Amino acid sequence: MTVSDRLLLLVFSSLISALELVSTYPNSALAQAAKCPTPALERFQRHKVGRGETLQSIAALYNLAPDTIITMNPSFKNGRVTTGSNILIPPYNGIVVEVARGQTWRELAQKYKVRADALFELNGCKPPSQIAFIPTSNQSSNRASSSPSSTPSVNTPAVQITGYPLASVAQVGFPYGWQINPKNGEVFFHSGIDLLAAVGTPVNAIAPGTVVFAGDRGTYGNLVIINHGGGLQSRYAQLESIKVSLGQQVKQGELLGTVGQTGQPTISQPHLHFEIRSNSSLGWVAQDPKEYMK
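Note that this is a predicted model, so its numbers are computed, not measured. (Residues numbered from 1 in each chain as written. Predicted model: local features only at pLDDT ≥ 70, side-chain atom pairs only at ≥ 80, totals over all residues. Heavy atoms only, no water.)

Student: Explain helix H5 (residues 105–112) here, please?
Tutor: The complete set of buried residues in H5 reads Trp105, Leu108, Ala109 and Tyr112. Angularly, the buried residues of H5 cover 100° about the axis, an arc narrow enough to put them on a single face. Seen from the open side of H5, the exposed residues pointing more than 90 degrees away from its buried face are Arg106 and Gln110. Residues of H5 that are buried sit in contact with strand E3 (94–98), helix H6 (116–122) and strand E4 (131–135). Taken from the residues just after H5, Lys113 is the one with a positive phi, measuring 60°. (Buried < 20%, exposed > 50% of the residue type's maximum accessible area, 1.4 Å probe, protein only. Helix = DSSP H or I, 4+ residues; strand = E, 2+ residues; numbered from the N terminus. Arc of directions from axis to C-beta. Contact = heavy atoms within 4.5 Å.)

The structure is reproduced here in structure tokens:
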């Protein structure tokens, strides 16, 4: 890399750190020639909360808005941090969103009111994949609120669902939220919770609803999706067998299938990958399943 290329990258990094959202490179060809910066999703780091540290002091340390840190760490309650706990720190203020199949950076830029070339570079100078990092301004992220202003708006469920997808409480093999992939060490968002159970263990509906998907779904493997009342949805993945069909009405506790190892599980132990999602302006947004497993 030439000296001028290094200077361009330094300028780009400083601009993004200040969230100016102005691209150093006017087009993708120049971005590739200058060796595009590491994608934002690969630059998350962990911070161990020290004695006396607060959410506000940690946010100031990393030049982030407190809302941003809360968004990336959904287990926080009332914005309080616990000494000794590890929290995920993103490189910039922003949110992480799911990308619809075929969606382009230009379409995402229009939707979130961000420059398309900035999105392109922040996400590794390659076409959109399943998730993307969307930067937000300090002004929009710094609003005082009990919930992150940068989080997509989610319809408040009219009905709360509670239940458990297995006959008995199981050990959590891999939790919900931002995690480090044990296979490659990369930081990624785990949209559900992995409940350890033997292959063939019955999987039950957490609440009444309608089966809207029952079949193979790529990395999910054999998957059952149920839509419930109040804009909530449950997903049961990596199944060995499926015992329901599309459009079927199911009751709470009804058999949906059995635990398996289909698809591309994150961990090697047999488990049920279970998700809860709520309907929002971005589609079905993942929620922490533990809030509903009672």
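So much for the structure itself; the text now carries on.
Student: How should the environment of Gly102 be read in this particular structure?
Tutor: Note on placement: Gly102 falls in the loop between E3 and H5. Judged by its relative accessible area of 66%, Gly102 is exposed.

Student: Before we go on, may I ask you to explain the packing of aromatic side chains in this structure?
Tutor: For the coordinates displayed, the defined rule picks out three aromatic pairs. Between Phe44 and Phe133, the ring centres sit 6.4 Å apart and the planes meet at 80°, which makes this aromatic pair edge-to-face. With Phe44 in the loop between helix H2 (28–33) and strand E1 (45–48) and Phe133 in strand E4, this pair connects stretches of sequence that are 89 residues apart. Aromatic pair Tyr92 and Phe133: ring centres 6.2 Å apart, planes at 70°, arrangement edge-to-face. One end of the pair, Tyr92, is in the loop between strand E2 (86–89) and E3; the other, Phe133, is in strand E4, with 41 residues separating them in the sequence. What makes Tyr92 buried here is its relative accessible area of 4%. Note on Phe133: relative accessible area 0%, which makes it buried. Ring-pair connections join several aromatic residues into one group, and the members of that group are Phe44, Tyr92 and Phe133. In this arrangement the basic side chain of Arg217 is found over the ring face of Phe213, its NZ or CZ atom lying 5.2 Å from the centre. (Phe/Tyr/Trp six-rings, centres within 6.5 Å; stacked < 30°, edge-to-face > 60°. Lys NZ or Arg CZ within 6 Å of the ring centre and 35° of its normal.)

Student: Honestly, the side chain of Asn222 in this entry has me stumped. Any pointers?
Tutor: Within the fold, Asn222 resides in strand E11 (residues 222–228). What makes Asn222 buried here is its relative accessible area of 19%. In terms of polar contacts, Asn222 uses its side chain to reach the backbone carbonyl oxygen of Glu240, at 3.4 Å. In this structure Asn222 touches Gly215, Asp216, Tyr236, Ala237, Gln238, Leu239, Glu240, Ile242 and Thr262, once residues within four positions along its chain are discounted. (Polar contact = N/O pair within 3.5 Å; in protein donor to acceptor, adjacent residues only side chain to side chain.)

Student: Explain the pairing of strand E14 (residues 255–259) here, please?
Tutor: Each regular strand displays side chains that alternate between the two surfaces of the sheet. Among the five residues in E14, four count as buried, and that is most of the element. Of the pairings in the sheet, the one linking strand E9 (residues 202–204) to E14 comprises three bridges and is antiparallel in character. By the bridge assignment, Val203 is partnered in E14 with Gly257. Here strand E12 (residues 232–242) runs beside E14; their pairing, made up of three bridges, is antiparallel. Paired with Ile242 across the bridge in E14 is Gly257. (Pairing = 2+ DSSP bridges.)

Any functional reading would require information that these geometric values do not contain.
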